[in-house]
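# Summary of the model geometry
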Amino acid sequence: MDLSMLWYLVPSVVMFACGIYGFVTRKNLIAILISLELMLNSADLNFVVFNRFLFPGSMDGMVFTLFAIAIAAAETAIAIAIIINIYRSIGNTDVTEINKMKF
Amino acid sequence: MDITLPILILAIPITMFLVLGIGGVKMSHKLAGILGILGMGTTAVLAYIVAFTYFFSGDANFILDGVRQQYQVFDVTWLAFTQTLVVNIGFLLDPISAMMLVVITTISFMVHLYSWGYMEGEPGFQRYYAFLSLFSFSMLGLVVATNIFQMYIFWELVGVSSYLLIGFFYKLPSAVSASKKAFIVTRFADLGFLIGILLLSFYTDTFNFVDMTTNPEGVLASTGGATFMGASVLTWAMVLIFTGGMGKSAMMPLHIWLPDAMEGPTPVSALIHAATMVVAGVYLVARMFPVYCVVDAAMTFICVIGAITAFYAAVVACAQIDIKRILAFSTISQIAFMMVSLGVAYDKPIEGVHYSGLGYMAGMFHLFTHAMFKALLFLGAGALIHAVHSNNYTSMGGLRKYMPITHVTFLIGCLAIAGIWPFAGFFSKDEMLAAMFARHWFWGAWMTMVAGLTAFYMFRMYFLVFWWEENPHYKEHKPHDAPWQMSLPLIFLGAVSIVAGFIPFGELVTWNGEPYHIHIEAPVAATSLVVAVCAIALAAAMYMKKNALPTKVKNMCPALWTAAHRRFYWDEIYMFITHRIIFDIICKGIAWFDRHIIDATMDAFAKITQKTSYAIRGMQSGEIQSYVGWYIAGAVAVAAITWLCLI
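Since this is a predicted model, take the numbers as computed values, not measurements.

### Looking at the overall build of chain B
- Tallying secondary structure elements over chain B gives 26 helices and six strands in all.
- Each principal axis of the C-alpha atoms in chain B carries an extent, and together these give about 115 × 65 × 55 Å.
- Burial status across chain B gives 55% buried among its 647 residues.
- Nonlocal contacts in chain B, meaning residues at least 24 apart in sequence, comprise 79% of its contacts between residues at least 6 apart.

### Observations regarding the overall build of chain A
- Counting its regular elements, chain A contains three helices and zero strands.
- N-terminal to C-terminal, the α/β element order of chain A is α-α-α.
- Over its C-alpha atoms chain A spans a radius of gyration of 17 Å, topping by over 25% the 13 Å that the globule rule assigns to 103 residues.
- In terms of overall dimensions, chain A has C-alpha extents of about 55 × 25 × 25 Å along its principal axes.
- For chain A, buried positions account for 26% of its 103 residues.
- Looking at chain A alone, contacts between residues at least 24 apart form 58% of all its contacts between residues at least 6 apart.
- Carbon and sulfur atoms make up 74% of the accessible area of chain A, which amounts to about 7100 Å² in all.
- Here chain A carries 6 positive and 7 negative side-chain charges, and the mean point of each set is 13 Å from the other.

### Some remarks on the environment of Ala371 of chain B
Residue and element names in this part refer to chain B.
- Residue position: Ala371 is located in helix α16 (residues 358-388).
- Taking the C-alpha atoms as reference points, Ala371 and Ser497, 126 residues apart in sequence, are found 9.4 Å from one another.
- Those residues in contact with Ala371 that sit more than four places away from it in its chain are Val103, Ile107, Ala275 and His366.

### Quick word on the environment of Gly397 of chain B
Residues and elements named next belong to chain B.
- Mapped onto the elements, Gly397 comes out in the loop between α16 and α17 (404-418).
- Given a relative accessible area of 0%, Gly397 falls into the buried group.
- Once the C-alpha coordinates of Gly397 and Asn471 are considered, the two residues, 74 residues apart in sequence, prove to be 6.0 Å apart.

### A few points about the interface of chain B and chain A
- Contacts between chain B and chain A engage 11 residues on the former and 13 residues on the latter.
- When chain B packs against chain A, close to 930 Å² is buried across both sides, 64% of that on carbon and sulfur atoms.
- Per-residue buried area on chain B facing chain A is highest for Arg617, Gly622 and Gln625 of chain B; these three make up 46% of the total on that side.
- Counting across the interface, chain B meets chain A through zero salt bridges.
- Inspection of the region where chain B meets chain A yields three residue pairs in polar contact (both at pLDDT 80 or more).
- Class assignment for the residues of the side of chain B that touches chain A results in four nonpolar, five polar and two charged.

### Some remarks on the packing of aromatic side chains
Residues and elements named next belong to chain B.
- Applying the stated rule across the entire model yields 42 aromatic pairs over all chains.
- On the basis of an interplanar angle of 70° and a centroid distance of 5.3 Å, the ring pair of Tyr128 and Phe168 is categorised as edge-to-face. Of the two residues, Tyr128 sits in helix α4 (residues 125-143) while Phe168 sits in the loop between α5 (148-166) and α6 (173-204), which places them 40 residues apart along the sequence. Each member of the pair, Tyr128 together with Phe168, is buried.
- Taken together, a centroid distance of 6.3 Å and an interplanar angle of 80° make the contact between Trp441 and Phe442 edge-to-face.
- Overall, Trp441 belongs to the exposed group, its relative accessible area being 58%.
- When its relative accessible area of 35% is taken as the criterion, Phe442 is described as partly exposed.
- A connected cluster of aromatic rings, assembled from ring pairs, spans Tyr48, Phe52, Tyr54, Phe55, Phe56, Phe62 and Tyr71.
- Taking NZ or CZ as reference, Arg287 lies 5.5 Å from the ring centre of Phe209, over its face.

### Some thoughts on the side chain of Ser621 of chain B
- If you trace the backbone, Ser621 of chain B turns up in the loop between α25 (570-616) and α26 (624-646).
- Of the polar contacts made by the side chain of Ser621 of chain B, one reaches the backbone nitrogen of Glu623 of chain B; its length is 3.2 Å.
- Here Ser621 of chain B is in contact with Asn99 and Lys102 of chain A together with Ser626 and Tyr627 of chain B, once residues within four sequence places are set aside.

### Observations regarding a nonpolar patch on the surface
All names here are of chain B.
- Nonpolar side chains collect at one region of the surface, where Tyr569, Ile573, Phe576, Ile577, Ile581, Ile582, Phe583, Ile585, Ile586 and Ile590 lie side by side and expose about 880 Å² of accessible area between them.
- Assignment of secondary structure puts Ile573 in helix α25.
- Using a relative accessible area of 36% as the deciding quantity, one classes Ile573 as partly exposed.

### Here's the deal with the environment of Gly33 of chain B
Residue and element names in this part refer to chain B.
- Within the element layout of this structure, Gly33 appears in helix α2 (residues 29-56).
- Counting along the chain gives 13 residues from Gly33 to Leu20, while the straight-line C-alpha distance between them is 9.4 Å.
- Other than its neighbours up to four places away in sequence, Gly33 contacts Trp116, Phe125 and Tyr129.

### Structural notes on the nonpolar core
- Counting 216 residues, the largest nonpolar core has Leu101, Met238, Met288, Tyr292, Met364 and Leu399 of chain B as the members making the most contacts within it.
- Sequence-distant contacts of Leu101 of chain B, that is, excluding residues within four places in its chain, are made with Ile9, Ala47, Val50, Phe91, Leu93, Leu140, Val143 and Val144 of chain B.
- Ranked by size, the runner-up nonpolar core spans 10 residues in total, among them Phe23, Met39 and Val95 of chain A together with Val628 of chain B.

Cut-off values and rules
- Residue indices begin from 1 for each chain and proceed along its sequence in written order.
- Labels follow written order: the first chain is A, the first ligand is 1, and so on.
- Reporting in this predicted model follows two pLDDT cut-offs: at least 70 for local features of residues, and 80 or more for side-chain atom pairs to be given and counted; totals over whole chains, interfaces and linings ignore these cut-offs and use all residues.
- Water and hydrogen atoms play no part in the side-chain values, which are based on all heavy atoms of the structure.
- Comment: elements are numbered from the N terminus, with helices defined as DSSP H or I runs of at least four residues and strands as E runs of at least two.
- Only protein chains enter the accessibility calculation, which uses a 1.4 Å probe; a residue whose area is less than 20% of its type maximum is buried, one above 50% is exposed, and one in between is partly exposed.
- Whether two residues are in contact is decided by their heavy atoms: any pair within 4.5 Å suffices.
- Radius of gyration: over C-alpha atoms. The globule rule applied is 2.2 Å multiplied by the number of residues raised to the 0.38 power.
- Under the convention used here, a 1.4 Å probe and the Shrake-Rupley method define accessible areas, while residue burial counts only the protein chains that appear.
- Under the convention used here, Asp and Glu are negative, Lys and Arg are positive, and both His and the chain ends fall outside the count.
- To locate a charge, take NZ of a lysine, CZ of an arginine, CG of an aspartate or CD of a glutamate.
- Summed over both partners, buried area is the accessible surface (1.4 Å probe) that two parts give up on being assembled.
- The working definition used for a salt bridge is a side-chain nitrogen of Lys or Arg within 4 Å of a carboxyl oxygen of Asp or Glu.
- Polar contacts, as used here, are pairs of N or O atoms within 3.5 Å; protein pairs need one atom able to donate a hydrogen and one able to accept it. Residues neighboring in sequence count only if both atoms are side-chain atoms.
- Each residue gets one of three labels, nonpolar for Ala, Val, Leu, Ile, Met, Phe, Trp, Tyr, Cys and Pro, charged for Asp, Glu, Lys and Arg, and polar for the others, Gly among them.
- For Phe, Tyr and Trp, rings pair up if their centres lie within 6.5 Å, where Trp contributes its six-membered ring, and each pair is then called stacked (planes under 30 degrees apart), edge-to-face (over 60) or tilted (otherwise).
- Placement of a positive charge over a ring is assigned whenever Lys NZ or Arg CZ falls within 6 Å of the ring centre and within 35 degrees of the normal to the ring plane.
- Each patch is assembled from residues with relative accessible area greater than 30% and no salt bridge, linking like charges that lie within 9 Å and nonpolar side chains (Val, Leu, Ile, Met, Phe, Trp, Tyr) that lie within 5 Å.
- Here, the term nonpolar core denotes a set of buried Ala, Val, Leu, Ile, Met, Phe, Trp, Tyr and Cys residues that are joined through side-chain atoms within 4.5 Å.

If you want it as C-alpha cells, here you go:
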C-alpha cells in the first residue's frame, strides 16, 4: 500500500489539536509547555510532508525543520528557565495565578 | 546722493538702542546718558546735512525746473511674497520727509539732553535712553518710508516704543493701564489702517508712495468703479487708512489714549505725544495727499473729524487741572487743526482761484512750528513738575519769581500757540485759517473760534501757574529753575519758536514741489489776532490775580464744567461699550458657545474613548490562556471567512 500525504497530515492535525487542547485546559506551566512543543512538532511534520510530496526535488522544508527543532530546543530552555524563576518567586506554576501583566 | 548718510541716520539710533538696551545694565547712568545724547546729536547733524542738501544743493535729483522732486535714495526688495506682492525697504527724500527729519532729530536731541537732568537718578535710566533711541529710529524710519507697508511696519514700531515709554514707571498701576490703553486703542485703529493698505494695494498692485501719488487718477481708475455699501472702494480704502492716522493722532473718537499717555515721563510726552509720533497721522495724510485729493468723501471726512475734535479738545482743555492734560488736549486740538487744514486743501480751483494745496503747505508749516513750541511747553511743564512735584496747577501759582527761565520760555510757547505776531504759531495758523476761509467761510469761522479757545485755555494755564497767588508750600520747599541740561533745551526751543515763523516755508514744502509764496492775508490775520488777544485778555481778567470770578463762572453752569472736566464722559462711554455691551453681552454668549458647544464636543470625544476603553479592557486579563482562546477564535473566524469567500 502506498502511503499518501493524508496518512501523514491526519496525525499532524491530531497532534496540533491535542496541543491546543492541552494549552487551553492545563493549569501547570510545564504541561502547557509540553502542549506547545506538540503543536510545534506537528508544524515541523507538515513542513517535511509537504516538501516530500509536493516539491520532491528540493530540500528546503527539511532544512527548515532542522532549524525549527534547534530553535524550539533553545526556546524550551528559556521557557523552563522562566518557569523555574516563577516557581521560585510565587511557589507554584499555576498559570491562572500568573496574571499580573494586564491593564 | 550717497547712501551712507541716510543709512547712518537710521543705523545710529538702532545701534544705540541695542548698545544701551543690552549693555546698559553694565553702564553707569552718566555713560548711558552721554552715549544716548551723543548718538542722537550725531544723528541730528547727519539729518541736517541730508535735509539741507535736499533743499539747497540744487541737484537735479532734488529740484528740477524749480519743482522739488521725490527722490528715492535707495529702495531694495525686502520681502517678495509673489511676483506682484513685494515689500521694499527704502529711503525717500521729498520736502515733507526732509522737513520731518529735521523736526524729529531736533526735538529728540533736545529731549535726550533734557532727560539727562529730568530723569537723573531714576532707576532704569539706561533703559529709558534705550527706548528713546528705539523711538527715534522708528519715527525716522516712518517718515522716510518709500512704501506704505514700510510705513506700516515703522508705524507699529513707534506704537511699541510709545507703549514702552508710557509704561516706563511700570510700578505705577496708572502708568501700566495708560500704556495698555494707548497700545490697544492705537492697535485697534491700525487694524483699519492695515485693511485700508490691503484694499488699496489689491487694486493698485503697488505699495510705493511715488507710484501712487504721481498718478492718483490711475489709482482711482484701477479700482474700476467698484463700490461697497454705497461708497467707492477707494473711498473706503482711504478712510480706513485715515483711521490708522486717527488712532495715532488722537482724533475723535479714538483720542482717549492721549490724555492718559501723560503718565509717562514728561520729556517723553514732549517727544512722542506732542511733537512727533502724534503727528504721524497728519504725516500719513500728507504723504497720500494726491490720492486723497481725488476722493472727495474722504477729504470731507477728514475735515469733519478734525473740526469736531479740535473744538471738543479745546473745550475740555479749559476745564482740566493737570497741566500735562491741558497740554495733551491742546495737542489733540492743534493736530485736528492740521487735519482740517489738509482736509480743506484741494488740488482744484475754487471759484476760479487756484488755491492748490495752500492748506497742505499750511498744515505742514503748523506741524513744524507746533512741534517746536509744543515740545517747549511740555519741557517747560516738566520743569514745573520737577520743581513742585505735582502735575496740578493748584500746587503752583506765582512761580514767575522763582523760575524766571521757565517763565519766559513758557510764555513764549503760550504766545506762539495762541498765534500772536511774531511768534511761530501766528504764521502757520494764519496760513491754515486762510486756506479754510478760502474753501468755505464756515471752516474758517469755526477754526477761528477754536483758535480763540486755544489762546484762552493756554493763558488760563499760564496765569494759574505763574501768577494767581503763591502756594504757601514754597516757604518750606522753594522752587527753582531746572539745571542747565533742562534749561538749555527750553532756551533753544524758545528761540526757535520766536524765529520759526520767518522761515520761507512755502518755498520749501508744498504738495507738488512748486514754490508757493506766503503772503499774510490781512483780514484773516487781523481777525485771528484780535480773537487771540481778546481771549488772552479774558484769561488775564479771570486768572491773573486771585479772585472769585472763575468760581462764579464755573457755578453758572456746573454741569457743563463737570462734563468738560470729565472729558464729556468719553472714557465712561468706552467703559460702558466694552464692559457692559461687549464683555457682558457679546462675550458672554461667545463664552457660553465656547464652553458648551466647542469644549463639550471635544469632551464628548474623550469621554467616548474612555468609556469604550473601560468597557473592553477586560480582554486584557493577563491570563495567557484567555489570549489563546481569543486568538484561536479569531483564527477560526478568519479561516471560516476565507473559506466562505473561496467557495
